[in-house]
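Structural overview
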Amino acid sequence: MESRTIASYKTPSGQRVEIAKQSFPSVRKRPTKRVAFVSSLHGNELEGIYLCHLLIRHLKNLQQTQPEAFQGEIHIYPAVNPQAVAVGSRLSPFFSLDINRQFGGNDARSLPAQSASELLDDLKSSADIVVDFHASNLHLQEAPQIRIIDGLHKKLIPLAVQCNVDLIWVHPAAPMFESTLGYNLNQAKINTLVIEAGISLRLNKEFADQLFRGMLNLLHHTGVLTFTGSPLNIDPPVIAHPSEVVLLQSEYAGLFVGHCDLKKNIAKGEMIGEVVSATDGEVLQEVTAPASGFLFTLREHPLVYPGAPLARIALKEMDRP
Ligand SMILES: [Zn+2]
């Protein structure tokens, strides 16, 4: 494994902050493919950091036992926003800027924008395929999924199905995505998958293990790794296009109490949870599935207001419009 620092800067009190990159070179002169894994653009999303740990640990071991397995190159960037990770915040400290809204601009005058630009350049020169790990916010728990902007799906779905996620969600394009890392890499013709799993500031070991198997399978499928051993068992995901996802929202202010589990095939009419009143003992809203499908988002934070998201369901084929 080769360790490098792709960018570094000094904090006002003099410490150095470094963005680390761990690389596993190919045994071939011309690597079959070059794959990069990026984690923690958002410092409160920890699932990806753990996944990078699992990958680095596994690959270091593989390098010793089966060095010939490395037909392609692998680059891992475990914490690309180190100061935000240090305080567990989504935004870059001091600047209150979302680094994943700083890509692709011409004006890199702030430190987060400059870091974004250095990361983008490094990825462009190192990778043919990039996987960008994210977790959800503190409000919603998400099943492991890949989100693809409508229009990129034909190119990205064949790669995404190799990743052992529960769902591939093709969602409509929106201007806010244009300043993200994923969008800018895809624009530069570097196929980039954005993974979302779990909830912020927590680790879900089951999800991390599931995605770990998916990442190894992706490396195998793309010819980057050719290892021997037992086959990886990965499950085919549900694929949902923009009109095939329903969002359930709260109609009231109150407490949301969930009555079912995430990652569940739910039947029409089945109870998902209740919104209850804190003051008069009333059940304000019974939240039931409006159609059968796969429950892939579930509210974790109980405090809700009208319009607060409670759950998302990817509709089953028979319930699709
Ligand atoms: Zn994120």
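So, a few notes on the structure that sits alongside this text. This one's a predicted model, so the numbers in the text were calculated from it and none came from an experiment. (Residues numbered from 1 in each chain as written. Predicted model: local features only at pLDDT ≥ 70, side-chain atom pairs only at ≥ 80, totals over all residues.)

1. Section: unusual backbone geometry
For Ser96, which is not a glycine, the phi torsion comes out positive at approximately 50 degrees. Note on placement: Ser96 falls in the loop between helix H2 (82–87) and helix H3 (111–126). Although it is not a glycine, Lys189 sits at a positive phi angle of roughly 65 degrees. Here Lys189 lies in the loop between helix H5 (181–187) and strand E8 (191–198). Lys189 sits in the exposed class, given 9 other C-beta atoms within 10 Å. (Helix = DSSP H or I, 4+ residues; strand = E, 2+ residues; numbered from the N terminus. Buried ≥ 20, exposed ≤ 12 C-beta atoms within 10 Å, placed from the backbone.)

2. Some points on the sheet that holds strand E13 (residues 271–276)
Within the open sheet, the four strands sit side by side as E14-E13-E11-E16. Their pairing is antiparallel. Of all the strands in the sheet, the pair left with one neighbour each is strand E14 (283–288) and strand E16 (303–304). Bridging between E13 and E14 involves five bridges; their strand directions are antiparallel. Looking at the pairing, Met271 lines up with Thr288 of E14. (Pairing = 2+ DSSP bridges.)

3. A few points about the packing of helix H1 (residues 47–65) against helix H6 (residues 205–221)
At their nearest, the axes of H1 and H6 sit 10 Å apart, and the two run at 50 degrees to each other. The orientation of H1 with respect to H6, classified from their angle, is oblique. The two elements H1 and H6 cross, and the hand of that crossing is right-handed. Contacts between H1 and H6 involve Glu47, Tyr50, Leu51, Leu54 and Leu55 on the former and, on the latter, Phe207, Ala208, Leu211, Phe212 and Met215. (Axes fitted to C-alpha atoms, helices over the stretch in contact; angles between N-to-C directions. Parallel < 35°, antiparallel > 145°, perpendicular 65-115°, else oblique. Left-handed = near helix turned anticlockwise from the far one by under 90°. Contact = placed C-beta atoms within 7 Å.)

4. What to know about the pairing of strand E6 (residues 140–149)
With nine of its ten residues buried, E6 lies for the most part within the structure. Where E6 meets strand E15 (residues 293–299), three bridges bridge the pair, whose relative direction is antiparallel. Within the sheet, the bridge partner assigned to Leu140 lies in E15 and is Arg299. Examined bridge by bridge, E6 and E8 share four bridges and lie antiparallel to one another. In the sheet register, Glu142 faces E8, and the bridge partner there is Gly198. In terms of strand pairing, E6 meets strand E7 (residues 167–171) through five bridges, oriented parallel. In the sheet register, Ile149 faces E7, and the bridge partner there is His171. Traced from E6 through helix H4 (residues 153–160) to E7, the parallel crossover comes out right-handed. (Right-handed = clockwise from strand over helix to strand, strands pointing away.)

5. Considering H6
Given a rise of 1.5 Å per residue, 17 residues ought to cover 24 Å, and the 24 Å separating the end C-alpha atoms of H6 matches this to within 8%. Restricting attention to buried positions, one finds in H6 the residues Phe207, Ala208, Gln210, Leu211, Gly214, Met215, Leu216, Leu218 and Leu219. The positive-phi residue at the C-terminal boundary of H6 is Gly223, with phi of around 80 degrees. (Expected span 1.5 Å × (residues − 1).)

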